[in-house]
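So the chains spell out like this:
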Amino acid sequence: MSHPHNSHVSKEFTGLSINHHDSYAPRDEPPPPMISSEGIVAVDITRKFVEAAKALEPGELVKDGYFTLFESVGALEIMDPKMDSGCLAPGESLDDDYDVTRPLLPSEVMGIIDQLLCLEMAWHLGYPLSQTLLTNVYIEAMLNPAPANLQEAHFIRDLESEAAQDPMFTVLRAYCLGLLKSCWYVNERIKFEHYYEEEDFVTNTYHRSLLDNIDRDEIREEIMSARRLVHSLRPKIMDDMADGLSFRLELRAAFLRAIELSELRSSPESLSLPWSQMKAVWEPINKSRHLGTPVPEAFSTKLQRRLASTMPPRPIVQLSFEETYEHFKKLFVDGIDVLKVLNYADSQSLLNFVLTFQAQKPQPLVYIRTLLQNFLFKDMVILGHLSIRHVIDDDLAIVVLPCSRLLDPANDDVEAPHDARFAIAYQMEQFRVRTAQSYLDIFRAFCQNRCRVRRTLCHSIQDWETVQIDAEGIDQLLQVQLDEKPILYQTASEPAYSLPLSSWAYLYKLRLMEWIVQLGFELETYQPDELAGMYWYLSFLSKTRAQHAKRIKTFTTSRLKELHANIHVTVTPAMEAQFTRSLAYLHATILDAAVTSELADALSCLYTCIGRLGLIRPPPRPYSSDELRYEIRMKPFAPISLPELPSYEAFRRATDQSENPTEVLLDYALRAVGSARKGYDVLGKFSEKEAFTVGAHERWVKGTKSCLRSVIAASIAISSVMKVVGSGEGGRDEGEKLVVEVPRAEGCYHSWWVVPKISERKRG
């Protein structure tokens, strides 16, 4: 082995720790090293080293004061093929010997382009450029040295040479120009938005420019020129080959156009054209890939040695074209769908769009997710034309304040301090300033990967706890300005005030808490023996949300009646429409919370029953207890004052339900699942306006149907257990007749509803 990078490094150790029991005396002389450089003089120091080591006490450390940690780690890496980028095998050259000037056949150009497509998708999936696109010798030749203008961006810098005039080089060069420029735009977009390095995407370019100084219009013109050249070559190459190369060039031009238009944030119809164009040409590209001839020697890990990186060489990421095809296909579909967010209908539809779009399996690629962030938050202008105040006020009007004096824009024009409208405008602005970031953070959180969504929401609920407390103080001040009269709510002994702002904050806090628990099922955070308890807690939260929504509905209905009863106020059709919209939202919220509660109750009872039957046994946990595990699971909710976290004893009693026989629990579960089925049947028939899913209705309906399938599966599972349990209380003897499989979340109809698969044990 030889090491051209480290010929100056001494072969003596300068730092070691010695133990006499581990002393080593060589029996056989090792073979002399293979020297490939005259600048290295090897000296065998083994005997001197052993003699010196014998003079040391056990554990004594010898270290040169100027020998740093970096140098010591570097010494360990030297000559290790896995760690040392300069370690060469016998006869191996330092640089790749591929000749970029060699003539290329059209089939070879297509083969190289298809391999670049696979590497490009691997980069989108989160692998670094050093293991993907920067392993291509043509790209390396183009970028090193960095081109200052379009004329310098060539594989062959001698433009007068015969090789540089090859039309196939012109085609490949145009494709690489479009590829690198689009990668630069993608990289910049991702860096500008909120993402997680190493989890989502690696933005390191290793000091390669990616053509950032070259105008994209110049590159687009090069691509169009190359397409014209391919068309002129049709008599010399097959029509299929010409079409295949032309489609690939068209893909690059359309990608650049899609990136350019996405900066406008205008109507989705005008922005979706290049995405539709890419989707249209992708199928012909896939069908023509058999015409390409792979050129594996045009890709080399040796190029990683030239990059500004402290990482040792890593293998090239090899995606199959079948995988690449599926990922690109979804990228183009998501690129079209994400533009629909620009069609703003109302704040709740916007939220449901983000929720359903990000919940897709597989989740949209990080570029699409950052594109969504760009549409939502760029320059703090929502969707390019809405202020944050507009969206928050729209949400308040839907949820708690339809047609309210608190949201009247005319309040801002009042300058008299003694006027109630002046005080209302001031207090409402205080509330918006306090709430804006917390509200927008919900949208931003759901633009992340699913693990980060849950982690972020765990922090957000504490912020919303504070928002709710602050809102209560503002509500009390506004009561005076509005001269609000309390009303009796349900069976309360004392009249209550509406407290609209704190009610709004509390409702969002409850939704966040539910999402955290539901994402726990999706991410397989809970063990099978914990599912009964976590579904009970989900039911507890959703019941609380339903009760709170009913309270809001009571005050909304009361205000509408007051308006109709007030002879001095004319209720216009616009005012009626606002109340109708608000009541429709509350109706949908109450129904959604009810079906969530019913299905969660049913699954909690089912898991409790199969636990009694011994069909789910907890794994050995020698260093844990049920109470400690409960504290860990509920840690995000412990700081929340309302709803108060149940004590462990209350949680255990509610989950075990030891006072109820197994048959009673199964009967209750069957009734609950029946109610959930009726509720999902009703929900599934909602229009996009009734469900507040404008722009996302198709995905929302699909999710609702998945929940309905989970309900049916739960009903079948409960019935299977009931058949075996019979009229007894159910014990482990009955459980031996059944086999239970708890599926992974990805194998369920809906990842939030983990329904066990139950079957009768075969008698052998």
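Residues numbered from 1 in each chain as written. Predicted model: local features only at pLDDT ≥ 70, side-chain atom pairs only at ≥ 80, totals over all residues. Heavy atoms only, no water.

1. Focus: the overall build of the protein chain
- Each helix and strand counted, the protein chain has 24 helices and four strands in total.
- Here the protein chain, with 764 residues, has 51% of them falling under the buried criterion.
- The long-range share in the protein chain, meaning contacts at least 24 apart out of those at least 6 apart in sequence, stands at 79%.
- Summing over all exposed atoms, the protein chain offers an accessible surface of approximately 37300 Å²; the carbon and sulfur share of this is 54%. (Helix = DSSP H or I, 4+ residues; strand = E, 2+ residues; numbered from the N terminus. Buried < 20%, exposed > 50% of the residue type's maximum accessible area, 1.4 Å probe, protein only. Contact = heavy atoms within 4.5 Å. Areas by Shrake-Rupley, 256 points an atom, 1.4 Å probe, with all protein chains shown as cover.)

2. A short note on the packing of helix H12 (residues 366–377) against helix H14 (residues 420–445)
- Taken N-terminus to C-terminus, the directions of H12 and H14 make an angle of 155 degrees; their axes are 10 Å apart at the nearest point. Put simply, H12 runs roughly antiparallel to H14. The two elements H12 and H14 cross, and the hand of that crossing is right-handed. Across the interface between the two elements, Gln 373, Leu 376 and Phe 377 of H12 pack against Leu 440, Phe 443 and Arg 444 of H14.
- A class-by-class count of the residues in the contact of H12 with H14 yields four nonpolar, one polar and one charged. (Axes fitted to C-alpha atoms, helices over the stretch in contact; angles between N-to-C directions. Parallel < 35°, antiparallel > 145°, perpendicular 65-115°, else oblique. Left-handed = near helix turned anticlockwise from the far one by under 90°. Nonpolar A, V, L, I, M, F, W, Y, C, P; charged D, E, K, R; others polar.)

3. Quick word on the nonpolar core
- Ranked by internal contacts, the top residues of the largest apolar core, which has 218 residues, are Tyr 138, Trp 275, Leu 376, Leu 396, Tyr 535 and Trp 753.
- In this structure, Trp 275 is in contact with Ala 258, Leu 331, Phe 332, Gly 335, Ile 336, Leu 339, Tyr 367, Ile 368 and Leu 371, ignoring residues within four places of it in sequence. (Core = buried A, V, L, I, M, F, W, Y, C linked by side-chain atoms within 4.5 Å.)

4. Focus: unusual backbone geometry
- With omega at 0 degrees, the peptide bond leading from Asn 144 into Pro 145 counts as cis.
- Following Lys 361, the chain continues into Pro 362 via a peptide bond in cis, with omega recorded as -10 degrees.
- Within the element layout of this structure, Pro 362 appears in the loop between helix H11 (347–358) and H12.
- The phi dihedral of Arg 265 falls on the positive side, at around 55 degrees, and the residue is not glycine.
- Within the secondary structure, Arg 265 sits in the loop between helix H7 (239–262) and helix H8 (268–271).
- The exposure class of Arg 265 is buried, given its relative accessible area of 12%.
- The residue Phe 692 is not glycine, and still its phi comes out positive at about 55 degrees.
- Counting through the fold element by element, Phe 692 comes out in the loop between helix H22 (688–691) and helix H23 (697–725).

5. Side note on the packing of aromatic side chains
- Within the structure shown, the criterion is met by 32 aromatic pairs.
- A centroid spacing of 5.1 Å and a plane angle of 70 degrees characterise the contact between Tyr 138 and Phe 155, whose relative ring orientation is edge-to-face. One end of the pair, Tyr 138, is in helix H4 (residues 137–143); the other, Phe 155, is in the loop between H4 and helix H5 (167–192), with 17 residues separating them in the sequence. Both residues of the pair, Tyr 138 and Phe 155, count as buried.
- Considering the side-chain rings of Trp 282 and Phe 328, the 5.0 Å spacing of their centres and the 50 degrees angle between planes classify their relative orientation as tilted. Taken together, the residues span a long stretch of sequence, with Trp 282 in helix H9 (residues 273–287) and Phe 328 in helix H10 (residues 321–338) at a distance of 46 residues.
- On the basis of relative accessibility, which here comes to 1%, the residue Phe 328 falls in the buried class.
- Connected via pairs of aromatic rings, a cluster forms that spans Trp 536, Tyr 537, Phe 540, Tyr 630, Phe 637, Tyr 648 and Phe 651. (Phe/Tyr/Trp six-rings, centres within 6.5 Å; stacked < 30°, edge-to-face > 60°.)

6. Re the confidence of the model for the protein chain
- Looking at the protein chain as a whole, its pLDDT mean stands at 90, while 90% of the residues score no less than 70.
- Considering only residues more than four positions removed or in separate chains, one finds that residues 1–27, a stretch of pLDDT under 50, has 55 contacts. (pLDDT = per-residue confidence, 0-100.)

7. Digging into the pattern of salt bridges
- Scanning all chains against the criterion turns up 44 salt bridges.
- Taking the shortest distance from any N to any O, the salt bridge between Glu 465 and Lys 509 comes out at 2.6 Å. Of this pair, Glu 465 sits in helix H15 (residues 450–482) while Lys 509 sits in helix H16 (residues 500–522); the two residues are 44 residues apart in sequence, bridging distant segments of the chain. For the pair Glu 465 and Lys 509, one class covers both residues: buried.
- Among the charged side chains, a network of salt bridges with common partners joins Arg 389, Asp 393, Asp 412, Glu 429 and Arg 432. (Salt bridge = Lys/Arg side-chain N within 4 Å of Asp/Glu carboxyl O.)

8. So, the environment of Lys 302
- By the secondary structure assignment, Lys 302 is in the loop between H9 and H10.
- Sequence separation between Lys 302 and Val 137 is 165 residues, and the spatial gap between their C-alpha atoms is 9.7 Å.

9. Looking at H10
- A rise of 1.5 Å per residue sets the reference length of H10, with its 18 residues, at 26 Å; its end C-alpha atoms lie 25 Å apart and thus fit the reference within 8%.
- Considered for burial, the residues of H10 that qualify are Phe 321, Thr 324, Tyr 325, Phe 328, Leu 331, Phe 332, Asp 334, Gly 335, Ile 336, Asp 337 and Val 338.
- Summarising the contacts, the buried residues of H10 are in contact with helix H3 (106–124), H7, H9, H11, H12 and H23. (Expected span 1.5 Å × (residues − 1).)

10. Concerning the packing of H5 against H7
- In the contact formed by H5 and H7, the axes pass within 9 Å of each other and the chain directions differ by 25 degrees. If you check the angle between H5 and H7, you find them roughly parallel. The crossing of H5 and H7 is left-handed. When H5 is examined against H7, the residues Met 168, Val 171, Ala 174, Tyr 175, Gly 178, Leu 179, Lys 181, Ser 182, Tyr 185 and Val 186 are found in contact with a partner set consisting of Leu 245, Arg 248, Leu 249, Arg 252, Phe 255, Leu 256 and Ile 259.
- Classifying every residue of the contact of H5 with H7 gives 12 nonpolar, two polar and three charged.

11. A word on the environment of Leu 645
- With respect to the secondary-structure elements, Leu 645 resides in the loop between helix H19 (626–633) and helix H20 (648–656).
- Not counting residues up to four positions away in its chain, the partners in contact with Leu 645 are Tyr 537, Tyr 630, Met 634, Phe 637, Ala 638 and Ile 640.

12. Notes on the side chain of Glu 260
- Residue position: Glu 260 is located in helix H7.
- Exposure remark for Glu 260: the relative accessible area of 19% places this residue in the buried category.
- If sequence neighbours within four positions are ignored, Glu 260 has contacts with Arg 216 and Arg 220.

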